[in-house]
Amino acid sequence: PWSRSATSSLNPPRLAPSHMATTQLARSFALVLGLALLRSAVGWVFHTPLTIPQGHLRPRRLGVMALRVAAPSAADIAGLVDEGVAVAGEEERAATARRLEAEAAAVPEVAASLVRELESMDLDHDKVDLLVDRLERAYTPIHTIGFLNLGVAGEWDFRYTTSNLPGHDPRKLRLRSVAQRVAPGEEKVQAGKLTNTIAWELVEEGASGTMEIKCDYMVTPKGDLHLDLTEHVLTPVNGSPADPMQLCGMLQRAVPPEVFMPEELDVHITYMDADIRVVECTSRKYGTSKNIYSRKV
């Protein structure tokens, strides 16, 4: 019989105690009977031999189930390629940024090494080229005329060239110095004056003086200096040369052609700091060469 609570008609029904005991006993009996049947079936399977008539034993070919995968579309492939290229591009840009930072951090030491090498009595041209290449890779060009004029203005000593010089006889002609003076224009900032000065001495004659090669320059849209030769000025200081024209020929062979005869010359700054300036000089007549100047102290 079902029993309900007297206080609420919504309480769930419950079995009387006598019926609950009967039900539990029936469940236990069913469980024991099921386990016995299962044990008998398992024993029969593992202990009963399996016999198959000989005529019914035929070979069969095993079937292979093929797994078909839909081929990716062109759009899917393009998306994967673009994603891979983007990731590779980011990694390459990050690696380039780290390399540029490392090169920029090493610039002061590289520049100091270049100065020491230029002052060495046993100059190593390969080492100079290597140091210059490292400086040029880390250099950021100046794009403002005001800063460009501020950087190039002043006195510079000529220190190194890649030009092939005919040479001169040091027993007859001695070069005391080769310098360059850059004077930007005050009213027209795109223009200025550039003067190369050669201090010379004729050993046998005992005469000495200077040769000034004066030029006008204009700053091109690319930030280069375009030079136009204006005049040569020979100034004796101690004594006078016996043959001024012969002296001019000796000086021309002793210095790079872009220094003595800078006609229609384009000067491109490949590296510059407060103490060193590396320039690439190009002209239709002389080709291309690279010169190094140091700030005059």
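Located above this text is the structure these notes cover.
Residues numbered from 1 in each chain as written. Predicted model: local features only at pLDDT ≥ 70, side-chain atom pairs only at ≥ 80, totals over all residues. Heavy atoms only, no water.

Comments concerning the overall build of the chain
This is how the line gets drawn: Secondary structure follows DSSP: runs of H or I at least 4 residues long count as helices, runs of E at least 2 residues long count as strands, and numbering of each begins at the N terminus. For this analysis, residues touch if any pair of their heavy atoms sits within 4.5 Å. Using a 1.4 Å probe, accessible areas were evaluated by the Shrake-Rupley method; residue-level cover was limited to the displayed protein chains.
Counting secondary structure elements, the chain contains 6 helices and 8 strands. Along the chain, from the amino end to the carboxyl end, the secondary structure elements read α-α-α-α-β-β-β-β-β-α-α-β-β-β. Restricting to contacts in the chain with at least 6 residues of sequence separation, those with at least 24 account for 57%. Carbon and sulfur atoms form 59% of the exposed surface of the chain, whose accessible area is close to 20800 Å².

Quick notes on the layout of surface pockets
Filter applied, for reference: The definitions used throughout rest on a 1 Å grid laid over the protein atoms alone, on which a cavity is an enclosed set of points accommodating a 1.4 Å probe that cannot get out and a pocket is an open set flanked by protein within 12 Å on both sides along at least five of seven lines; lining residues are those having an atom within 4 Å of a point. Grid points are joined across faces, edges and corners, and a volume is the space filled by probe spheres set on the points. Only Asp, Glu, Lys and Arg are considered charged in this grouping, and only Ala, Val, Leu, Ile, Met, Phe, Trp, Tyr, Cys and Pro are considered nonpolar; every other residue, Gly among them, is considered polar.
Roughly 250 Å³ of volume is contained in the largest pocket. As for the largest pocket, its lining consists of Phe158, Arg159, Tyr160, Thr161, Leu165, Leu175, Arg176, Ser177, Val178, Ala254, Val255 and Pro256. At the level of secondary structure, the elements contributing two or more residues to the lining of the largest pocket comprise β1 (154-161) and β2 (173-184). Looking at the lining of the largest pocket, its residues break down into 8 nonpolar, 2 polar and 2 charged. The computed volume of the second largest pocket comes to approximately 210 Å³. What lines the second largest pocket is a set of 15 residues, among which Ile142, His143, Lys222, Gly223 and Asp224 lie closest to the centre. At the level of secondary structure, the elements contributing two or more residues to the lining of the second largest pocket comprise α4 (145-152) and β6 (265-272). Counted by class, the lining of the second largest pocket contains 8 nonpolar, 5 polar and 2 charged residues.

Considerations on the environment of Cys281
Positionally, Cys281 belongs in strand β7 (residues 276-283). Once residues within four sequence positions are removed from consideration, Cys281 is found in contact with Glu258, Leu265, Asp266, Val267, Gly287, Thr288, Ser289 and Asn291.

Some words on empty space enclosed by the protein
Evaluation of the coordinates by the stated rule reveals 2 cavities of 30 Å³ or more. Quantified by volume, the largest cavity comes out at close to 70 Å³. Around the largest cavity sit Gln180, Leu194, Asn196, Leu227, Glu258, Leu265, Val267, Arg277, Val279, Cys281, Asn291 and Tyr293, which together line it. For the lining of the largest cavity, the element with the most residues is β7, which contributes 3 residues.

A closer look at the sheet that holds β7
For the record, the criterion: Pairing between two strands is assigned when DSSP locates at least 2 bridges connecting them. Orientation is described by lines fitted to C-alpha atoms, with helices fitted over the stretch in contact, and by angles between N-to-C directions that extend from 0 to 180 degrees.
One closed barrel holds the 8 strands; their spatial order is β1-β2-β3-β4-β5-β6-β7-β8, and the pairing between them is antiparallel. Taking the axes of each pair of neighbouring strands and ignoring which way they run, one obtains an average angle of 35° across the sheet. Pairing of strand β5 (residues 225-238) with β6, which is carried by 3 bridges, proceeds in the antiparallel orientation. The residue bridging His226 from the neighbouring strand is Asp266, located in β6. Across the sheet, helix α3 (residues 125-138) lies against β1, β6, β7 and β8 (287-295), angled at about 85° from β8, the strand it touches most.

Thoughts on the pattern of salt bridges
Basically, it comes down to this: Note on definitions: salt bridges are taken to be side-chain nitrogens of Lys or Arg within 4 Å of carboxyl oxygens of Asp or Glu. Per-residue accessibility, obtained with a 1.4 Å probe over protein chains only, is compared with the maximum for each type, and a residue is labelled buried under 20%, exposed over 50%, and partly exposed between these values.
Taken as a whole and assessed by the stated rule, the structure comprises 12 salt bridges. Arg176 is the salt-bridge partner of Glu201, the closest N and O atoms lying 3.3 Å from each other. With a gap of 25 residues between them, Glu201 in strand β3 (residues 191-202) and Arg176 in strand β2 connect regions that are remote in the sequence. Looking at Glu201, the relative accessible area reads 16%, which means it is buried. One salt bridge connects Lys193 with Asp216, and the closest N-O pair in it is separated by 2.7 Å. With Lys193 in strand β3 and Asp216 in strand β4 (residues 207-219), this pair connects stretches of sequence that are 23 residues apart. Bridged by salt links that share partners, the residues Arg174, Arg176 and Glu201 form one connected network.

Re the nonpolar core
Convention followed: Nonpolar cores were defined as sets of buried Ala, Val, Leu, Ile, Met, Phe, Trp, Tyr and Cys residues, with membership established by side-chain atoms within 4.5 Å.
Core analysis: the largest hydrophobic core is formed by 51 residues, its most contacted members being Leu114 and Ile292. No other element matches the 6 residues that β4 contributes to this core. Setting aside residues no more than four positions away along its own chain, Ile292 makes contact with Leu114, Leu118, Val128, Val132, Asp157, Phe158, Arg159, Tyr160, Ile276, Arg277 and Val278.

Here we look at the pairing of β5
Inspection of the sheet shows β4 paired to β5 by 12 bridges, in the antiparallel sense. Looking at the pairing, Thr210 lines up with Thr235 of β5. Between β4 and β5, which pair antiparallel and follow one another directly, the connecting turn spans 5 residues, one of which, Gly223, has a positive phi of 90°.

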